Amino acid sequence: MTALPLARRLRGPLFFPVTAFAPDGGLALDAFRAHVRAGIEAGAGAVFACCGTGEFHALAPEEFHACVAAAVEEAAGRVPVVAGTGYGTALALHYAGLAERAGADGLLALPPYLVAADQPGLLRHYTALAEGTALDVIVYQRANAVLTPESVVRLTEVPGVIGLKDGVGDLDLMQRVVSAVRSARPGREPLYFNGLPTAELTGLAYRGIGVHLYSSAVFCFAPEIALAFHRALLGDEGDGTGTDDAAVNRLLDVFYRPLAELRDQGAGYAVSLVKAGVRLRGGEVGEVRSPLSEPAPRHVARLAELIDQGLTLVGELKG
């Protein structure tokens, strides 16, 4: 295992694998291993196991532990493995302990379950999580857990909190967060992530405020397209130099915008459509668990068309 801290290892396309289920609904661990292995071999910069795309909400604790351990074994130190955690503070700490025992490198803290907490409550929750684990923590703000710039400044002072993933999409708020933290902690800013569904669609806007890391659901089923976009957006070094905005715009127009429009056709498609895409590319990952539902057949057919269009465009860009 590398001695580099997690914050220095999170580079390149971030891979959020789906969790594989068998026809009887049980965990299909061999299929999950194959999916994770394929993503790493395709060029993933990190594996975020059992997070939103991985149906964290639908996993029993023992299934969660088995999947995280499998991802760690498949990664074998080549890339970091970050595990999801969530629910209330007690359960978040329980899942953090399971992830730690499975060998994970860090945690993505999903919003607390159900309640709409105030800022002091959210700060107590994430502080208790960071203090209760040896793993580094990335806080995922979205839905019922949206932080003010002042709260983010306070969180960055908590040892173990290394990043903020934004699933809100309020660029004004994110700019104020980045500015407030930079002013309060110059030279010690955390990592920032674009965590919106189909994050590539807003990649240019987030890049403009200095947010280069993002979650790529497309990497699950079309790593060729995801890698081409990542290179065009951020350059070969992934730092925003040597970019190709013309290629970015072509990929947005031909593939990512239509994909986002398709994603919006059904509830839960940010997960179920991704899983359908993995199956279209040969992954035996099964269907989603309830309460999610499978996408309509016509939408899966449209997804297949979009994948073909995206792959054709990637070939043209290379040529």
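Everything that follows concerns the structure shown earlier in this document.
Please read all numbers here as calculations on a predicted model, not as lab measurements.

Definitions and limits used
Residues numbered from 1 in each chain as written. Predicted model: local features only at pLDDT ≥ 70, side-chain atom pairs only at ≥ 80, totals over all residues. Heavy atoms only, no water. Helix = DSSP H or I, 4+ residues; strand = E, 2+ residues; numbered from the N terminus. Rg over C-alpha atoms; globule rule 2.2 N^0.38 Å. Contact = heavy atoms within 4.5 Å. Areas by Shrake-Rupley, 256 points an atom, 1.4 Å probe, with all protein chains shown as cover. Lys, Arg positive; Asp, Glu negative; His and termini not counted. Charge placed at Lys NZ, Arg CZ, Asp CG, Glu CD. Buried < 20%, exposed > 50% of the residue type's maximum accessible area, 1.4 Å probe, protein only. Pairing = 2+ DSSP bridges. Right-handed = clockwise from strand over helix to strand, strands pointing away. 1 Å grid on protein atoms, 1.4 Å probe; cavity = no way out; pocket = protein on both sides within 12 Å on 5 of 7 lines; lining within 4 Å. Points joined across faces, edges and corners; volume = space filled by probe spheres on them. Nonpolar A, V, L, I, M, F, W, Y, C, P; charged D, E, K, R; others polar. Patch = residues over 30% accessible without salt bridge, like charges linked within 9 Å, V, L, I, M, F, W, Y side chains within 5 Å. Salt bridge = Lys/Arg side-chain N within 4 Å of Asp/Glu carboxyl O.

Things to note about the overall build of the chain
- Looking only at helices and strands, the chain has 13 helices and 8 strands in total.
- A globule of 319 residues ought to have a C-alpha radius of gyration of about 20 Å, and the chain, at 18 Å, matches this closely.
- By principal-axis analysis of the C-alpha atoms, the chain measures approximately 45 × 45 × 40 Å.
- Here the analysis covers contacts within the chain between residues at least 6 apart in sequence; of these, 72% occur between residues at least 24 apart.
- When the accessible surface of the chain is totalled, it reaches about 13,100 Å², and 52% of it is carbon and sulfur.
- Each charge sign in the chain was given a centre, from 27 positive and 35 negative side chains, and these centres are 2 Å apart.

Here's the deal with the pairing of strand β2 (residues 46–49)
- Along β2, one buried face is formed by Ala46 and Phe48 and the opposite face, lined by Val47 and Ala49, is buried too.
- The pairing of strand β1 (residues 14–15) with β2 spans 2 bridges and is parallel. When the bridges of β2 are listed, leucine 14 appears paired with alanine 46.
- Strand direction decides the pairing type here: β2 and strand β3 (residues 81–85), joined by 3 bridges, are parallel. Bridge assignment links alanine 49 to a residue of β3, and that residue is alanine 83.
- Viewed along the sheet, the connection from β2 through helix α3 (residues 61–75) into β3 turns out right-handed.

Details of empty space enclosed by the protein
- Applying the stated criterion across every chain yields a total of 3 cavities of 30 Å³ or more.
- Each pocket or cavity is described by its volume, and for the largest cavity that value is around 50 Å³.
- Mapped by element, the contributors of at least two residues to the lining of the largest cavity are α6 (149–156) and β6 (161–166).
- Forming the boundary of the second largest cavity are Asn194, Ala199, Gly203, Tyr206, Arg207, Val211, His212, Leu213, Tyr214, Leu233 and Leu234.
- Elements represented by at least two residues in the lining of the second largest cavity include exactly α8 (203–208), β8 (213–216) and α10 (223–234).
- Residue classes in the lining of the second largest cavity are distributed as 7 nonpolar, 3 polar and 1 charged.

Things to note about a nonpolar patch on the surface
- Residues Tyr113, Leu114 and Val115 make up a contiguous nonpolar surface patch of roughly 370 Å² in combined accessible area.
- Locating leucine 114 in the fold gives a position in the loop between β4 (106–109) and α5 (119–131).

A few points about the side chain of lysine 165
- Structurally, lysine 165 can be placed in strand β6.
- Buried charged residue lysine 165 carries no salt bridge. Nearest counter-charge: aspartate 166, at 10 Å.
- Other than its neighbours up to four places away in sequence, lysine 165 contacts Phe16, Leu108, Ile138, Val139, Tyr140, Gln141, Phe193, Gly195 and Ser215.

Things to note about the pattern of salt bridges
- Inspection of every chain in the model, using the stated rule, returns 14 salt bridges.
- Salt-bridge contacts for arginine 33 lead to glutamate 74; the nearest nitrogen and oxygen are separated by 3.1 Å. Of this pair, arginine 33 sits in helix α2 (residues 29–42) while glutamate 74 sits in helix α3, and the two are 41 residues apart along the sequence. The two residues arginine 33 and glutamate 74 agree in class, both being buried.
- Among the ionic pairs, arginine 250 bridges to glutamate 316, the shortest N-O distance being 3.1 Å. Of this pair, arginine 250 sits in helix α11 (residues 245–263) while glutamate 316 sits in helix α13 (residues 297–318), and the two are 66 residues apart along the sequence.
- Under the relative-accessibility criterion, glutamate 316 is labelled partly exposed at 45%.
- Overlapping salt bridges, with partners in common, bring together Arg33, Arg37, Glu73 and Glu74 in one network.

As far as function goes, none of this settles anything; it's purely spatial.
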